[in-house]
Amino acid sequence: MKRTLIIAGWLAAAAVSAYACHLAVHYPTPIDRALPFLAAVITLAGAPIAVPLLIAAEIAILDETTRLIAMGIIWSAATAVAAFNPRAAARGYRIAIASLLLLRWIPFENVHLVREIFLLLIAIAIVWLLRGTALAVLVAVVVCLITPALPLRTLALPLAVLFALALIRFFHMPRIALTVPSLFALACILTFFAWSGVVARAFPYFTRPPLGDVRRETVNAALAPSRSITIDVPPDATGLIVSGANVAHLRRGAALGMIEPGAIPIRIGDASDWGYMRRDFFYGGHNPLPRLSAGHLRDYGYVAWVDGAGLVPLPNAKTIRVTADASLPANAALQVEGFALR
Amino acid sequence: MIWSAVIALALLPLIVLRGKTLGTWYVTAAAIAVYAVILERRGLGIDRMIVVALAFAVLMAFVAIGEKVKFSANRAALIAGVVYFFVIGPMTKVPIDGDEPFYLLVTESIVHDFDLDLANQYRDIAHTASGRTDLKPQLGDPVGSHGQQYSRTEPLFSLLLVPGYLIAGLQGAVATIALFGVLLVRSTMRWLEDEGISDDVLRAVFPLFAFGPPVLFYAARLWPEVPAAFCFVEALRGMRAHRAQRWLLALFALVLLKLRFVLLGIGLLALRLRKRRAVIIAAIIVAPMILLTVVVGNPLNVHSWRELLPVAPSNYARGFFGLLLDGAGGIAFQAPFFLLGIYAITRWRETPKGFRYGILASLLYILYLLPRDEWTGGWSPPLRYIVFLMPVLALGAASVWHRVSRGVVMMIVVWTIGVALHGLARPWRLFHIANGENAIGEWLSTMYRADFSRMFPSFIRINDAAIIGSVALIAILLLARLRIPSHVAISAVALAIAYGFVVAQRPARTIQFEDAHVVHEGGALYPEEYAVIRFAYRGGWVLNANDSLSFLAQQGPDTLEYVSGPGARIAIDGSEVRLPSNGDHYATARINVPHAGRVTLRCLEGAVNLDRMVREDNVRMVHD
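As the structure is a prediction and not an experimental result, all values here were calculated from the model. All residue numbers refer to positions counted from 1 along the written sequence of the respective chain. Working convention: letters from A go to chains and numbers from 1 go to ligands, in the order in which they are written. Two thresholds apply to this predicted model, a pLDDT of at least 70 for residue-level local features and 80 or more for giving and counting side-chain atom pairs, whereas whole-chain, interface and lining totals are computed over all residues.

For the rest of this paragraph, the subject is the domain arrangement of chain B. Residues and elements named next belong to chain B. How far each domain reaches was decided by an automatic or database domain assignment. Domain assignment breaks chain B into domain 1 (1–70), domain 2 (100–169), domain 3 (310–506) and domain 4 (511–623). Distance from the C-alpha centre of domain 1 to the C-alpha centre of domain 3: 30 Å. Taken together, the contact between domain 1 and domain 3 spans four residues of the former and four residues of the latter. Once C-beta atoms have been placed from the backbone, residue pairs whose C-beta atoms lie within 7 Å are recorded as contacts.

Here's what the structure looks like:
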């Protein structure tokens, strides 16, 4: 009876928290609209203190990027608090499930329910095999996060990890907690949950300055193989922003084109296919995140992605000639998006 | 500055943490640093000092709940000393304000002229270390028989600042108070130990007391509140330990610091009435009055005996709930940790004897503070007049610590960190013009152009939230014994915030024209921001011809309250109203708001001081 009352109390608190967040939603992004869901999840994960803070962030922070990162920081801090709470039962499982719901279930219309529930079960198994430690939560979250689940065969990755951990557990691996480093890594992931798709597919994007937001002068030219374009360089230009079209299958180092004078090569790694990071195409592609990614963050949650634009240095000239490499496939193109300005 | 703060943060843990806890802290600190770098690279411009302050908050969490912690009053004092040293910079980056520059002026007079006559200081005001060249004698400052210009402030406090001032000017004077802050922390921790507070509770309470408002802010500003709190704790400790030399000296210093603390002396006297030493205490109380009679010719300085007469009971209720709940100057919003001390009063018999002593000794003082208009503290950081009581409330809070739900504690911690960071980052916001708004309310009102301030209880300009808040406080204190689970309490608070947000965006029933949500196109604030005893006026906004205001309003008839010498003609979204001249008395006029939503009120001719606009059904309710 007492246990039933406790569960009812938690469910009631989650429902009230969700309703409170429903009242507070003020902005139209999928993340803001998912606030009630977030509130219910974080309450049931054992960190209800995050709910008033999430509401405060929604109310008080106008700038979208700052607001969404602030929500991520709040979630990370609440997770750390919950992880250190010795009174909370099964906190490792709760945190792992809550983290995956946060990272993979927004926006809800893109959730493949059966696959996601299967992934949650794998996460629970991983946490159990690693004995509920913070490291266990981190491994479960990372493995399930980087699994696109599209196509279905990608589920082989978490299953392989699960199998390996089962073997290790069978051979009496000692309990490894690594609490602080694990929670730190988890915090870094959760902070950018609003773009969890990018976290899953190109986390280093978030460790670099946001070049996608720099001032630009647009060129918008798509060059078929061997075609070239001559353009004047604006006086305050700091680099050329380029991307590829239909080049997602090329590997790092493959030539995309060249800038004259100076014979500056443009390769995969300097820029990538414009849409290579979309969830549906990522598994089939081989492009890496450009070294100096100038892509914009697009969409939210697990379907978020960054376009493959990269920043290429300019020669010291007033006019440049950009040529698409002749070896590009016939349907491919080198896209000159524009100049990054100081 | 930032690097010295980082080095301090690296060394501080060595004072209190040991073994595995110390190692874990360093790993955590490194993680916080890397995390901050990642955020900074993403363009999230968080002030690095704020990051250091947050890392310090995490360190305090380690002190509070760590396994290997070596804690003592001396170690606490050492930590407080380092932190207060770093707080001096942010607190003095803007000119000192309120009574502070006057205290410093007296110090300068003592140092340079060996007297208390400030006449030459005012003549040569350009050379004061405060940098406040706008200083003039305050209203009611005593004037000597030969034209001497004295300050209304008691001289002992300024005298205490002399050594620090001689060493390092203004910074040295502030450092002197920081030193008293360190002594206060040490004394309070020792007192809590003496009263039987366990080590784990002591460690949890220490950061909330020492590094939370109001002690943090007053420990690095030139007010006598922190030295007074130290003297009060020492007096209470001395009494409890039956060490007469200690408490007699402390009490003597206390009443010399500020005459109002005589009321505390009388409280302590009442507690010791059956002892022979009551006579000595009485002598201590009378001594400063004799001193003041000699110096300024009035035993009550700038006060009068008339102030001791009881006033209307409603004023007591207003001051009482105001001190507890007011958005700008109440404990709940400005120093929520000490609400636990208030809660401890409801468990009177279970509290330590020292707590009961402290509360009883301060009752008379509180009783005389409550009905006064300046219960908020006037032009000063919040809770000025009850800073001395904070160690007592901290003891009360410590005594009920294990009875309070962890969720409530968590909310208090988060709010305390927020208030402390806000005060350190924007020290000028610690001063408020006492117009019934508060920092958060003004900020949100400006952001949304809607009246958010009315969502926060105000007892300066009593609003609906004040009534609701008072009833809620009583209910919470009555229901506190039910032990509501923390997740339920937190979700209820979340619901209250969200509902408040929804309601705040709707047009208000009362429009206060000087408020932040009103868009002012011309005109001026009345009375001006730095008016002396500003809280005693009805605030408003003065409009001349062609000035206008816009705000959210409800459709229908309203009553406009105004003052106009020459009379005025105004229009509210085209609907004209003539406001007859009414001299310097407030009058009312009926006005019809043509539609709901944002409306513009324009002054077409004449001039008018607009106080407020109230919905007629609201006015009828008040009259009924």
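Here the focus is the interface of chain B and chain A. Bring the parts together and some accessible area is lost; that lost area is often taken as the interface size. Counting residues at the interface gives 29 residues for chain B, matched by 32 residues for chain A. Secondary structure is summarised from DSSP: a helix means a run of H or I of at least four residues, a strand means a run of E of at least two, and numbering begins at the N terminus for each. For the side of chain B that touches chain A, the elements supplying multiple residues, two or more each, are α2 (19–41), α20 (406–425) and α23 (486–504) of chain B. Each residue gets one of three labels, nonpolar for Ala, Val, Leu, Ile, Met, Phe, Trp, Tyr, Cys and Pro, charged for Asp, Glu, Lys and Arg, and polar for the others, Gly among them. Of the residues contributing to the side of chain B that touches chain A, the split by class is 21 nonpolar, six polar and two charged.

Quick reminder: α-helices carry 3.6 residues per turn. Residues three or four places apart thus point the same way. All names here are of chain B. Here the expected length of a helix is defined as 1.5 Å per residue gap, with one fewer gap than residues. With 12 residues, helix α9 (residues 199–210) should reach 16 Å at 1.5 Å per residue; the first-to-last C-alpha distance of 16 Å fits that figure. Where burial is concerned, most of α9 is hidden: nine out of the 12 residues are buried. Three exposure classes are used, based on other C-beta atoms lying within 10 Å of a residue's own C-beta, which is placed from the backbone: buried for 20 or more, exposed for 12 or fewer, and partly exposed in between. Among all positions of α9, only Leu-202, Arg-203, Ala-204, Val-205, Phe-206, Pro-207, Leu-208, Phe-209 and Ala-210 are buried. Tucked into the core, α9 has its buried residues touching α3 (48–65), α4 (73–91), α8 (162–194), α10 (215–218), α19 (390–399) and α20.

Before going further, it helps to spend a moment on the sheet that holds strand β3 (residues 237–245) of chain A. Residue and element names in this part refer to chain A. Here, any two strands with at least 2 DSSP bridges between them count as paired. If you walk across this open sheet you meet the four strands as β1-β10-β3-β8, and the pairing is antiparallel. In this open sheet, the two edge strands, each paired with only one partner strand, are β1 (216–223) and β8 (310–312). Here the strands of the sheet are splayed against their neighbours by 30° on average, with no regard to which way each runs. Across six bridges, the pairing between β1 and strand β10 (residues 333–341) is antiparallel. Pairing of Glu-217 across the sheet is with Phe-339, part of β10. For every element, the axis is a line fit to its C-alpha atoms; helices are fit only across the contacting stretch, and the angle between N-to-C directions ranges from 0 to 180 degrees.

This part is about the nonpolar core. Each nonpolar core comprises buried Ala, Val, Leu, Ile, Met, Phe, Trp, Tyr and Cys residues, the members being joined through C-beta atoms within 7 Å. Ranked by size, the top nonpolar core spans 288 residues in total, and within it Ile42(A), Leu54(A), Ile74(A), Ile126(A), Ala140(A) and Leu254(B) carry the most contacts. Tallying contributions element by element places α8(B) first for this core, with 16 residues. If near-sequence neighbours (up to four positions away) are discounted, Ile42(A) is found in contact with Ala47(A), Pro48(A), Ala50(A), Val51(A), Trp75(A), Ala78(A) and Ala98(A).

We now examine helix α1 (residues 2–24) of chain A. In a regular helix each residue adds 1.5 Å, so 23 residues correspond to 33 Å; α1(A) covers 33 Å between its end C-alpha atoms and thus fits that length. Taken as a whole, α1(A) has its buried residues at Ala13(A), Ala14(A), Val16(A), Ser17(A), Ala18(A), Ala20(A), Cys21(A) and Ala24(A).

Take the sheet that holds strand β4 (residues 255–260) of chain A next. Residues and elements named next belong to chain A. The sheet built from four strands is open, its strands ordered β2-β9-β4-β5 with antiparallel pairing. If you trace the sheet from one side to the other, it starts and ends with β2 (228–232) and β5 (264–267), each paired once. The mean inter-strand angle of the sheet, taken between neighbouring strand axes irrespective of direction, is 20°.

Residue and element names in this part refer to chain B. Of all five residues making up strand β4 (residues 540–544), four are buried, and the element is well covered by its neighbours. In this sheet, β4 lies alongside strand β3 (residues 524–526) in antiparallel orientation, the contact comprising three bridges. For Ala-524, the partnering residue across the bridge sits in β4 and is Val-542. Bridge count for β4 against strand β10 (residues 597–615) is four bridges, and the pairing is antiparallel.

The next subject is the packing of α8(B) against α19(B). Residue and element names in this part refer to chain B. Between α8 and α19, whose axes approach to 10 Å, the crossing angle comes to 40°. When the axes of α8 and α19 are compared, the pair comes out oblique. When you trace α8 past α19, the crossing you get is right-handed. Residue-level contacts link Thr-188, Trp-191 and Leu-192 of α8 to Pro-391, Ala-394, Leu-395 and Ala-398 of α19. What sets the label is the angle itself: under 35 degrees gives roughly parallel, over 145 gives roughly antiparallel, 65 to 115 gives roughly perpendicular, and the rest give oblique. In this scheme the crossing of two helices becomes right-handed for a clockwise turn of the near helix relative to the far one and left-handed for an anticlockwise turn of less than a right angle.

Relative to the elements of secondary structure, Ala328(B) occurs in the loop between α15 (313–325) and α16 (331–334). Among all residues touching Ala328(B), those that are not within four sequence positions of it are Thr376(B), Pro382(B), His432(B), Ala434(B), Glu437(B), Asn438(B) and Ile460(B).

With that settled, consider the domain arrangement of chain A. Residues and elements named next belong to chain A. Each assigned domain of chain A is listed here: domain 1 (2–206) and domain 2 (209–341). With centres defined by C-alpha atoms, the gap from domain 1 to domain 2 works out at 34 Å. At the interface, 21 residues of domain 1 touch 15 residues of domain 2. Elements with a minimum of two residues in the side of domain 1 that touches domain 2: α2 (30–33), α6 (91–104) and α11 (196–202). Partitioning the side of domain 1 that touches domain 2 into residue classes produces 14 nonpolar, five polar and two charged.

Here we take up the packing of helix α4 (residues 50–60) of chain A against α23(B). Two numbers describe a pair of packed helices, the interaxial angle and the distance between the axes. Two elements in contact, α4(A) and α23(B), have axes whose closest approach is 8 Å; the angle formed by their N-to-C orientations is 15°. For the element pair α4(A) / α23(B), the angle class is roughly parallel. Classified by chirality, the crossing of α23(B) by α4(A) is left-handed. Contacts from Val51(A), Pro52(A), Ile55(A) and Ile59(A) in α4(A) reach Ile490(B), Ser491(B), Val493(B), Ala494(B), Ile497(B), Ala498(B) and Phe501(B) in α23(B). Of the residues contributing to the contact of α4(A) with α23(B), the split by class is 10 nonpolar, one polar and no charged.

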